[in-house]
Amino acid sequence: MEVDVVGTLRAAFPDLENDALEKLSGLVRCTTYPPDTLICKEGAYEYVFYLIVRGTVAITKHFDSQNERVLRHSTAGDFFGEMALIQDEPRSANVRTIDDTTVLEFDREVFEHLMASSPNLAWRMVRTTFDRLRSNDQAALSDLRDALQTLQRLDRAKLDFIEIAAHELRTPLTVIQGYADVLRSDTRIQADSNLRTVIDGVVNGTARLHDVMNRMLDISKIDTETLQVSRVPVLLQSVFTELKHDFQDALAERNLTLLIKQIGEIPFMEADPNLVYKIFYHLLINAIKYTPDGGTITITCWVTEVEGMGRAVAVVVEDTGIGIDQRHQKAIFEKFYQIGEVALHSSGKTSFKGGGPGLGLALVKGAVEAHGGMVWVESRGCDEETLPGSAFKVLLPLRIPDNMSGES
Ligand code: CMP
């Protein structure tokens with residue numbers, strides 16, 4: 001096909017004089033590409049500008065590793081490939097031919113010469129680039145909004161599932177527990193130590209399942225913001241004493257020392273005793289799980305003044321365990337987050353590196369925040385040889401802020 005190069009250039013750049021158009025026509029290449037040719041590759045450093053003489057191209061962009069989104073189709077008279085040249089950046093999108101497509105190709109120097117020859121044309125080009133950038137931003141934003149909505153829907157579905165599953169499992173579990181208790185008190189079983197061990201296993205197993213399900217329900221309440229926080233006077237020392245008592249067997253079995261240090265007076269605080277117990281229960285059980293036998297866990301607490309929170313109790317639960325890698329330090333507070341392969345965890349509740357459903361710290365965070373407090377972790381990293389340890393730091397205000405949901 002005969003191409004009228006000057007005519008095509010004139011239609012695209014009406015500001016240029018005839019002799020400029022003539023000169024330009026000698027500097028551009030006229031090329032025809034078959035269908036499905038990738039002329040511009042997103043991310044590539046290519047510096048050629050194109051003007052479409054005939055045919056159609058699709059301009060697409062990857063919004064994630066799998067999905068490519070069509071931004072628009074361009075036809076005769078449209079140009080593309082200007083952004084990489086103007087911004088001196090890699091290609092912002094893919095440009096692929098749909099059918100046989102003929103283009104005029106401008107190398108970088110020719111394009112720059114063209115820009116310099118007419119301020120009007122240069123302005124038009126810059127304006128087009130900004131329009132295209134803006135429309136790409138909007139497309140990306142709208143994709144992100146859709147993705148967010150999908151995630152929120154999935155999260156909601158997950159919470160509904162958790163809630164239903166936990167409720168549905170609770171009834172048969174309670175039945176099993178009831179029968180197991182009956183069997184345990186039967187004199188024939190009492191007399192047989194083998195059977196007693198079996199029944200004890202069933203009773204302990206169901207108690208643990210109950211525990212996990214209650215935690216799942218707590219998490220769904222935190223996520224749906226239906227967690228009720230009672231406001232009663234709580235003495236932190238009593239909570240720690242209770243925990244020390246509840247964990248004494250596990251501590252002894254793993255040869256771990258638990259030290260409780262109180263700096264100064266700790267007054268009664270307004271809090272939900274159940275939730276406060278759960279906060280430190282999970283921090284303690286994690287410290288036990290990730291500290292090798294023979295280690296030390298120290299709980300230190302004192303009263304301090306925190307900006308934006310007022311008077312608060314600061315508690316640090318520190319261990320001499322394997323520590324936590326920097327990249328996991330935020331994510332461990334998300335529900336169902338597990339470090340390492342779940343299959344490699346040992347299964348005991350307080351055994352070294354014992355697994356769990358990954359809900360404990362999410363519950364800690366939810367419960368602390370429901371009191372208007374904060375929790376975070378500090379650790380120099382994870383190392384099973386040097387044992388850098390972890391320090392979980394909790395700030396709980398002495399008075400729950402008025403805007404927190406809960407019962408007085
Ligand atoms: P460049 O980034 O060099 O290479 C890909 C080209 O696709 C880009 O220049 C523009 O010419 C073109 N392009 C990118 N986004 C759009 C858009 N929203 N509308 C039209 N063309 C675009």
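Our structure's up above, just so we're on the same page.
The sections below set out a description of the structure shown in this document.

### Points about the packing of helix α8 (residues 236-246) against helix α10 (residues 273-289)
Two numbers describe how α8 lies on α10: the axes approach to 10 Å, and their chain directions differ by 45°. It follows from the interaxial angle that α8 and α10 lie oblique. Along this stretch, α8 crosses α10, giving a crossing that reads as right-handed. Of α10, the residues touching α8 (which contributes L236, V239, F240, E242, L243 and D246) are V276, Y277, F280, Y281 and L284.

### Some thoughts on the site of the ligand
Not every one of the 15 residues close to the ligand is listed here, only the nearest: G81, E82, R91, S92 and N136. Note that an oxygen atom of the ligand is positioned 2.8 Å from one of the backbone N or O atoms of A84. The protein chains hide 98% of the 460 Å² of surface that the ligand would expose on its own. Residues belonging to the shell around the ligand are distributed by class as follows: seven nonpolar, four polar and four charged.

### Structural notes on the sheet that holds strand β12 (residues 296-306)
Taken together, five strands build an open sheet; the order of strands is β10-β12-β13-β15-β14 and the sheet is mixed. Bordering the open sheet on either side are β10 (257-263) and β14 (374-379), each of which pairs with just one other strand. Looking at each pair of strands side by side, their axes are set apart by 20° on average, direction ignored. Strand contacts of α8: β10, β12 and β13 (310-319), with the helix running at about 175° to β10, the strand carrying the most contacts.

### Quick notes on the sheet that holds strand β1 (residues 29-33)
Spatially, β1-β8-β3-β6 is the arrangement adopted by the four strands of the open sheet, whose pairing is antiparallel. Sheet topology places β1 and β6 (79-80) at the edges, where each strand pairs with a single neighbour. Bridge count for strand β3 (residues 48-54) against β6 is two bridges, and the pairing is antiparallel. Within β6, the position partnered with L51 by the bridge is F79. Contacting β3 and β8 (101-107), helix α4 (residues 108-117) crosses the sheet at an angle of about 80° to β8.

### Overview of the pairing of β8
Across the seven residues of β8, six count as buried, placing the element largely inside the fold. Pairing between β1 and β8: five bridges, direction antiparallel. Of the residues in β8, the one forming a bridge with T31 is V103. Pairing of β3 with β8 involves six bridges; the strand directions are antiparallel. When the bridges of β8 are listed, V48 appears paired with D107.

### Overview of the environment of Q262
Take Q262: it is sitting in strand β10. We classify Q262 as partly exposed; its relative accessible area is 34%. If sequence neighbours within four positions are ignored, Q262 has contacts with Q237 and C301. Polar contacts involving the side chain of Q262 include one to the side chain of Q237, which spans 3.1 Å.

### Considering the pattern of salt bridges
Opposite charge on two side chains makes pairing possible when the charged atoms of those side chains draw close. Within this structure, the stated rule accounts for 25 salt bridges. E68 is the salt-bridge partner of R96, the closest N and O atoms lying 3.5 Å from each other. With R96 in strand β7 (residues 94-97) and E68 in strand β5 (residues 68-74), this pair connects stretches of sequence that are 28 residues apart. The class for E68 is partly exposed, based on a relative accessible area of 34%. Here E369 ties to K365 by a salt bridge, and the two come within 3.4 Å at their closest N and O atoms. Linking E369 with K365, this pair stays in helix α11 (residues 360-370), spanning four residues, or about one helical turn.

Rules and cut-offs
- Residues numbered from 1 in each chain as written.
- Predicted model: local features only at pLDDT ≥ 70, side-chain atom pairs only at ≥ 80, totals over all residues.
- Heavy atoms only, no water.
- Axes fitted to C-alpha atoms, helices over the stretch in contact; angles between N-to-C directions.
- Helix = DSSP H or I, 4+ residues; strand = E, 2+ residues; numbered from the N terminus.
- Parallel < 35°, antiparallel > 145°, perpendicular 65-115°, else oblique.
- Left-handed = near helix turned anticlockwise from the far one by under 90°.
- Contact = heavy atoms within 4.5 Å.
- Near = heavy atom within 4 Å.
- Polar contact = N/O pair within 3.5 Å; in protein donor to acceptor, adjacent residues only side chain to side chain.
- Areas by Shrake-Rupley, 256 points an atom, 1.4 Å probe, with all protein chains shown as cover.
- Nonpolar A, V, L, I, M, F, W, Y, C, P; charged D, E, K, R; others polar.
- Pairing = 2+ DSSP bridges.
- Buried < 20%, exposed > 50% of the residue type's maximum accessible area, 1.4 Å probe, protein only.
- Salt bridge = Lys/Arg side-chain N within 4 Å of Asp/Glu carboxyl O.

Geometric values such as these leave the question of function open.
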